[in-house]
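# Architecture and fold: a report
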Amino acid sequence: MIVGELKPVEEIVAKVKGYSRILVVGCGGCVTVCQTGGAREAETMAHLLGMALRDLHVSLDWTCVARQCEFELLEELKPRLASFDAILSLACGVGVQAVAEFFPSSPVIPGLNTTFMGMPVRHGRFEERCQACGDCILDLTAGICPVARCSKSLLNGPCGGSQNGKCEISAEVECAWHLIYERLERLGRLDNLERLVLPKNWAKSRDGGPRRMVREGLVPDGEE
Amino acid sequence: MRIYQDCQVNPRVLVWGGNERAWRLAKVISGQQPVIWAFSRKPPYPATQFSGQTAWGKDLAYVRGKAGRFTVGLHGSAIEEIEVGGIIIVPDPAGPVLSGLPPGEVAGCSILFVLMGVTRRVYTQAFSQIISLAAKNRVWVITDDVQVGFANGEALYSTARARGAVFIRTDRVPLIGTAAGAPDRFEARVLDTGIGREITLPYDILVAPRWEHTDDGLRYHELLGLGEDNLDSYPGRTNREGIWVFPDPEGVLTAAEEEVIIAAIAAQVARMATGRVRAEKYYEIDADRCAFCLTCFRLCPHQAVEFHRDKLFQNLYREACRIDTLSCRGCGLCYAECPAQAIKKVVDKPAPTRIPHVLACENAAAGLIHGQGLNYELRLFPCAASIGENVILRTLSESNRDVYVVACYQGKCQHEHQNRRLQVRVRRLNTLLDRLGITLRVKLLGLSAAEHPEELATKVGERK
């Protein structure tokens, strides 16, 4: 899922200053699951802003849609928008942009910083697992992604900075290649490491510019 | 108003343990409802006096389901599944026992007992030894805490002191070795906190506890999803409904006291004997709003939440979490923490007519409910767990004054340390308020039901 974290509250207050009627919109998708932008957080943010902007007589309300990254699901906001002059979106960058696209004349302010694609390793703690490089090699690396989890994104590792299973950048960062080695050893597939992985085609990643995916077989010819 | 649900339950009970307590308990329960008495080895008690089923030579492999409908996997040559409504674990009483005691009668010796960090069970054994040895020897006892909380404990302690045994209290582990320049003489150096300086005690015989490993019940904790405080609660109640662990892990109870515990546990499982149990319903999950984030599933201190797949669900996953009525104790943690606000109270109390500025766990503040003459508005919650960030912020925002939140003292929460959870919520909110330049604050107070309304009034600075 996409993990987002709350922007510093001072920054949010600075961004919404000047608006007098603000609708805080949560998203029921990934950011609800990572506890930073769901219905509960939308209410929290509305109360906090309400108190912080009390002297400016700003009116605030909050709501949450099932997913902000779907135009159809944003439809329910339409009738309410006349009473607000700005939307504070607690969705990821995708949701914020969907809202901006769907409501061309409403200012949209992001409340979260979209951080990474990851998972909860335990309640309240999230770690990055995928960088959407566009060319998955997890079969070679025992199901542990060196692109997302090695600080250098090395395809042939580990490097000399691997110390006791930790990365040289921080004692809290596990060396992905150490993990890969341990898991390959357990699987009896250490021979995978003898295969040199050739340079990756990064054109499938961000280096190739904004990406688009077309699922074949969904759109009749001539309708695209 | 309260809402109750009639729940169907399996009246059969599993008693797990190979000791005499388990045998006696299984016998009592077999008189009232079906029971399976099982353990990893066959215990040496006559099965003729027991009318239920038995299963020996298998180990507990897994436990699925909730109170009233557990499926227990027993691991033998193959996995065998049994269906029961309740599970009672009866661990062997275990703990450290004294080692180094002189084998026969000794006289004229200096005997040093080191009893640091030990339990009542060790003291039950130690006092009788100390008393008999002190008659003809010099006896020192180095201890961090004299434990007398068992039958005749106080009297034995007095007798030991009257016989001349000297108790030295300290919070440091003594240094034990040979005397300087005399390798055949032993001595212990210890900080005597009573006189505030280190003393040296020469000794001939050292007596100290040694841990004896038995089936201590701890190994079942993870398997059964039990919390850390479940070893010694009366009468074996755990954080999970339908699972009991026989208390008194150290084995200090007298036979009569054991009878009381056995009767109390048997009375608890007797609730299920008819196959129906009436349970109060506190919260329910609105499946249409549920994001299936598993927050409630992971956090529930009573493991009352389970997955539920249903094609009727309108949410993204056609799957949602569900609260099991029989297992839920109504602490409201799920209600406060649900990020999708999908959990609703079954019975919502009417909104308070005046804005409260004290939000309190009703267990902590039980003494205050009927408090009179207090100049504040109190709103009660089933537990600190259910005092969520939003209810605090709402109260702050509406009242525009500092809000006090009241939780039980450390270790007194009935729902697995929810006072600690409230503490981190309060810390986060105060940080956010500070960073936003808001002067209002949330103040956390500890309180117990034994305290009077005046105590709270003093704490919130409103004593008249």
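Keep in mind it's a predicted model, so treat the numbers as computed, not measured.

Each value, and the rule that gives it
Residues numbered from 1 in each chain as written. Chains lettered and ligands numbered in written order. Predicted model: local features only at pLDDT ≥ 70, side-chain atom pairs only at ≥ 80, totals over all residues. Heavy atoms only, no water. Contact = heavy atoms within 4.5 Å. Buried area = accessible area lost by both parts, 1.4 Å probe. Salt bridge = Lys/Arg side-chain N within 4 Å of Asp/Glu carboxyl O. Buried < 20%, exposed > 50% of the residue type's maximum accessible area, 1.4 Å probe, protein only. Helix = DSSP H or I, 4+ residues; strand = E, 2+ residues; numbered from the N terminus. Pairing = 2+ DSSP bridges. Phe/Tyr/Trp six-rings, centres within 6.5 Å; stacked < 30°, edge-to-face > 60°. Axes fitted to C-alpha atoms, helices over the stretch in contact; angles between N-to-C directions. Domains from an automatic or database assignment. Polar contact = N/O pair within 3.5 Å; in protein donor to acceptor, adjacent residues only side chain to side chain. Nonpolar A, V, L, I, M, F, W, Y, C, P; charged D, E, K, R; others polar. Parallel < 35°, antiparallel > 145°, perpendicular 65-115°, else oblique. Left-handed = near helix turned anticlockwise from the far one by under 90°.

In this assembly, 23 residues from chain A lie in contact with 27 residues from chain B. Here chain A packs against chain B, burying approximately 2300 Å² in sum over the two surfaces, 60% of which is carbon and sulfur. Taken together, the connections running from chain A to chain B amount to three salt bridges. The residue A:Glu41 makes a salt bridge to B:Arg428 at a minimum N-O spacing of 3.9 Å.

Turning to the pairing of strand S8 (residues 86-89) of chain B, a few remarks are in order. Residue and element names in this part refer to chain B. Here S8 shows no split at all, with Gly-86 and Ile-88 on one side and Ile-87 and Ile-89 on the other all buried. As paired strands, strand S2 (residues 13-16) and S8 are joined by four bridges and run parallel to one another. The partner of Trp-16 across the bridge, within S8, is Ile-89. Bridge count for S8 against strand S17 (residues 243-245) is three bridges, and the pairing is parallel.

This brings us to the packing of aromatic side chains. A complete count under the given rule lists 15 aromatic pairs over all chains for this structure. Aromatic pair A:Phe102 and A:Phe103: ring centres 5.0 Å apart, planes at 80 degrees, arrangement edge-to-face. Residue A:Phe102 is classed as buried on the basis of its relative accessible area of 18%. For A:Phe103, a relative accessible area of 5% translates into the label buried. Between B:Tyr283 and B:Tyr335 the ring centres are 5.5 Å apart and the planes differ by 35 degrees, which places this aromatic pair in the tilted class. Taken as a pair, B:Tyr283 in strand S19 (residues 283-285) and B:Tyr335 in helix H7 (residues 333-337) lie far apart in primary sequence, 52 residues in all. According to the relative accessible area criterion, B:Tyr283 is buried, its value standing at 5%.

This next bit is on the sheet that holds strand S4 (residues 86-89) of chain A. Hydrogen bonds between backbone groups are what pair the strands of a sheet, and the pairing can be parallel or antiparallel. Residues and elements named next belong to chain A. If you walk across this open sheet you meet the four strands as S3-S2-S4-S5, and the pairing is parallel. Looking at the sheet topology across the chains shown, the edges are occupied by strand S3 (59-65) and strand S5 (108-110). Neighbour-to-neighbour, the strand axes of this sheet turn through a mean angle of 25 degrees, independent of strand direction. Pairing of S4 with S5 involves three bridges; the strand directions are parallel. Bridging from a neighbouring strand, Ser-89 pairs with Pro-110 of S5.

Here the focus is the domain arrangement of chain A. Residues and elements named next belong to chain A. If you check the domain split of chain A, you get domain 1 (1-118 + 127-139) and domain 2 (140-195). The gap between the C-alpha centroids of domain 1 and domain 2 is 36 Å. Counting residues at the interface gives eight residues for domain 1 and 13 residues for domain 2. Carbon and sulfur atoms supply 57% of the area that domain 1 and domain 2 bury against each other, a total of about 850 Å² over both sides. It is Arg-129, Ile-137 and Leu-138 that lose the most area in domain 1 upon contact with domain 2, and together they represent 59% of the buried surface on that side. Linking domain 1 with domain 2 are zero salt bridges, by the criterion used here. On inspection of domain 1 and its partner domain 2, the count reaches six residue pairs in polar contact (both at pLDDT 80 or more). Residue composition of the side of domain 1 that touches domain 2, by class: four nonpolar, one polar and three charged.

For the rest of this paragraph, the subject is the packing of helix H3 (residues 39-52) of chain A against helix H8 (residues 389-399) of chain B. Pairs of packed helices are described in terms of their axes, by the angle between the two and the distance that separates them. The contact between H3(A) and H8(B) brings their axes to 9 Å, and the two run at 25 degrees. Judged by the angle between their axes, H3(A) and H8(B) are roughly parallel. Two packed elements cross with a definite hand, and for H3(A) against H8(B) that hand is left-handed. Facing A:Arg40, A:Glu41, A:Glu43, A:Thr44, A:His47, A:Leu48 and A:Met51 of H3(A), the residues of H8(B) in contact are B:Glu389, B:Asn390, B:Leu393, B:Arg394, B:Leu396 and B:Ser397. Residue composition of the contact of H3(A) with H8(B), by class: four nonpolar, four polar and five charged.

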